[in-house]
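# Coordinates in review
Chain by chain, the residues run as shown.
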Amino acid sequence: MRASGLNWQGLMEQLHQALPYAEVTDSSLAYFKYPARTVSLNLPVRMDDGTVRVFKGYRCVHSTARGPSMGGLRLKAGLNAHECEVLAAIMTLKAAVADLPLGGAKGGIDVDPATLSPHELEGVTRRYAAGLVELIGKQQDILAPDVGSDQQIMAWTLDAYSEMVGETENGAVVGKPIPLGGSYGSKDARGRTAALVAQRVLEGSGRRLNRAPVAVHGYGEVGRKAARTLAEAGALVVAVSDAQGAIYDSGGLDLDALDAHRQQHGTLAGVGTPISPDELLELDVEVLMLAYDYGAINAGNAHAVRARYVVEATNRAVLPEAERFLKEQGVQVLPDLVASMGGLIVNYLEWVQDASNFFWTEEEILKAIDVRVNAALDGVLAFMHERQVDMRTAAYAVALNRLTNATTMRGVYP
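In the annotation of an unreviewed UniProt entry, the entry for the protein reads Glutamate dehydrogenase, and the organism field reads Deinococcus cavernae. The UniProt entry for the protein carries the following comment under Sequence similarities (unreviewed entry): "Belongs to the Glu/Leu/Phe/Val dehydrogenases family."

In C-alpha cells:
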C-alpha cells in the first residue's frame, strides 16, 4: 500500500486545466503558486535508552487569504517539506470549495509513530509544538489531526502550546478529545462524508447503492466509517484492506464480525478470502473508496482499475496521470476537495465552538456538517453540469474563483 508520486507539478497541471473555467487574475494565481511560508525544525528528543535522537519537523502555511490557516499534523516516515507544501495547497482549495473562512496548511514529523514508545511519542510531539509556538495560534495557524496522529497527539500538542504561551488556547488545536474542547463527530466526519457524497453522485447519475459492490482501500478510522455508512445505505462491502493485507467476500463482509475480529486479533486475516491490497484495487466494483494515503492509484496501476466510481476519501489518492487514464475509460473520480471535506468542516466547527466556548450536541454537529457538505456539493455539481467538465476541474474552478475574490479584495502591496 505504498504511496508515491506526490508533486507540485501534478497539482499545477490540474490547476491549469481549471483556469479556462475560472475568473483568475495573474496576481491571484501568483498567490496560489507560492506557499506563504515553509519552516523546518530540528527536534531533539531524549529516547527511553537515554540517547538523544534528532527528528525533522515541517510546517507549511499555503494561504491566509480567506482566514487563518488550518491543516494536519502528520507523523509519517519519509515526510518532507515538499509533501507538506502540496498538501497545504490542497487544503487551501478544499477550504475554498467548502466556503470556509480558512486557508490551508500542513506539517508534521518525519517518523513512524509505531516505532516510538508512548513516552517518546509524547516527547517528539511536545517538542514540535514548542518549536512552532510563535507561528501557530487560533487566529494564525491551527493544527489538526492527520496521518499518524490522533486525539492523544492533539491533546499533547494543545498542552505544550498552552504552557508556552501561558494560557489555554483550545482553538489553536482541533481534533482534540471532547473533555479538552473537542467536538462530536470529529472521528467520523471524513468517512461518513465520503460515503454520503458517493451516494448522492450515484443517485444523481441514475445508479443505486442498494446491493452495489464496494471495496475500501484503507480500513482505518476513515475507511471503517465510510464502509459502515455505505452498508447502511444498502451497499455490499465486498473487500477491505489495511497495511497488513486485504480480505474479500463476494456476498458482502459482515462488518460487525470483522471489527470484532480485528479488535481481538489485530488483523483482518481470518475473515473472508485473503487477497492483496493491489488485488483489491483491481476488483470489479461499483465504488472504490480510497482511504489510505496519497498515490494509491497511479500510472502503474490505473489500467487495472475496474470500478465505476473512485472516491478520494483522503487527499491526492489518485495521481494526475492516473486520473487522465481513468477519465478516458469512463471512470468517474470523486475528488478529495469534495469527498473528504467532512474532516475539515468538523475541524472548523470545533474551532468555532472553542472560540465561543459554547458546544453543540452531536445531532447539531452532524446536521451542520451535512448542510455545508451538501451546499458545497450542489455548487460543484452545478458548475460541472453547466460547463461540461469533470468534477475535479469544477471543484478547482469554484475554489479558484473564491480565492481570486479574496486576494483581489485584499489587494497586493505596490
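Text resumes after the structure shown.
### Thoughts on the nonpolar core
Leu11, Val97 and Val240 are the most contacted members of the largest nonpolar core, which has 87 residues in total. Those residues in contact with Val97 that lie beyond four places of it in its chain are Leu337, Val338, Met341, Ala376, Val380, Ala395, Ala399 and Arg402. Core analysis: the second largest hydrophobic core is formed by 25 residues, Leu73, Tyr128, Val133 and Leu143 among them.

### A look at unusual backbone geometry
A positive phi angle is found at Arg316, which is not glycine, with a value near 60 degrees. Inspection of the secondary structure puts Arg316 in the loop between β11 (309–312) and α10 (320–328). Positive phi values are uncommon outside glycine, yet Asn357 reaches one of about 55 degrees. Its place among the elements puts Asn357 in the loop between α12 (341–356) and α13 (362–387).

### Topic: the sheet that holds β11
Taken together, seven strands build an open sheet; the order of strands is β9-β8-β7-β6-β10-β11-β12 and the sheet is mixed. Each edge of the open sheet carries a strand with a single partner, namely β9 (273–275) and β12 (332–334). Mean inter-strand twist for the sheet, computed between neighbouring axes without regard to direction, equals 20 degrees. Pairing analysis gives four bridges linking strand β6 (residues 213–217) to strand β10 (residues 287–290), with the strands arranged parallel. Within the sheet, the bridge partner assigned to Val214 lies in β10 and is Val287.

### With respect to the packing of aromatic side chains
The description of an aromatic ring pair uses the distance of the two centres, along with the angle that the planes make with each other. Tallied over the entire structure, the rule returns one aromatic pair. Considering the side-chain rings of Tyr348 and Trp351, the 6.0 Å spacing of their centres and the 45 degrees angle between planes classify their relative orientation as tilted. Taken together, the residues Tyr348 and Trp351, both in helix α12 and three residues apart, mark about one turn of the helix. Look at Tyr348 and you get buried, because its relative accessible area is 11%. For Trp351, a relative accessible area of 11% gives the class buried.

### Let's talk about the domain arrangement of the protein
Domain boundaries assigned for the protein yield domain 1 (34–180) and domain 2 (188–338). Roughly 790 Å² is buried in total at the junction of domain 1 and domain 2, and carbon and sulfur atoms are behind 59% of that figure. Interface area lost by domain 1 to domain 2 is led by Ile90, Lys94 and Val97, which between them contribute 49%. Taken together, domain 1 and domain 2 are joined by two salt bridges. When the residues that make up the side of domain 1 that touches domain 2 are grouped by side-chain class, the tally is six nonpolar, no polar and five charged.

Conventions we followed
- Residues numbered from 1 in each chain as written.
- Predicted model: local features only at pLDDT ≥ 70, side-chain atom pairs only at ≥ 80, totals over all residues.
- Heavy atoms only, no water.
- UniProt positions renumbered as here; feature names shortened; annotations may be inferred.
- Core = buried A, V, L, I, M, F, W, Y, C linked by side-chain atoms within 4.5 Å.
- Buried < 20%, exposed > 50% of the residue type's maximum accessible area, 1.4 Å probe, protein only.
- Contact = heavy atoms within 4.5 Å.
- Helix = DSSP H or I, 4+ residues; strand = E, 2+ residues; numbered from the N terminus.
- Pairing = 2+ DSSP bridges.
- Axes fitted to C-alpha atoms, helices over the stretch in contact; angles between N-to-C directions.
- Phe/Tyr/Trp six-rings, centres within 6.5 Å; stacked < 30°, edge-to-face > 60°.
- Domains from an automatic or database assignment.
- Buried area = accessible area lost by both parts, 1.4 Å probe.
- Salt bridge = Lys/Arg side-chain N within 4 Å of Asp/Glu carboxyl O.
- Nonpolar A, V, L, I, M, F, W, Y, C, P; charged D, E, K, R; others polar.

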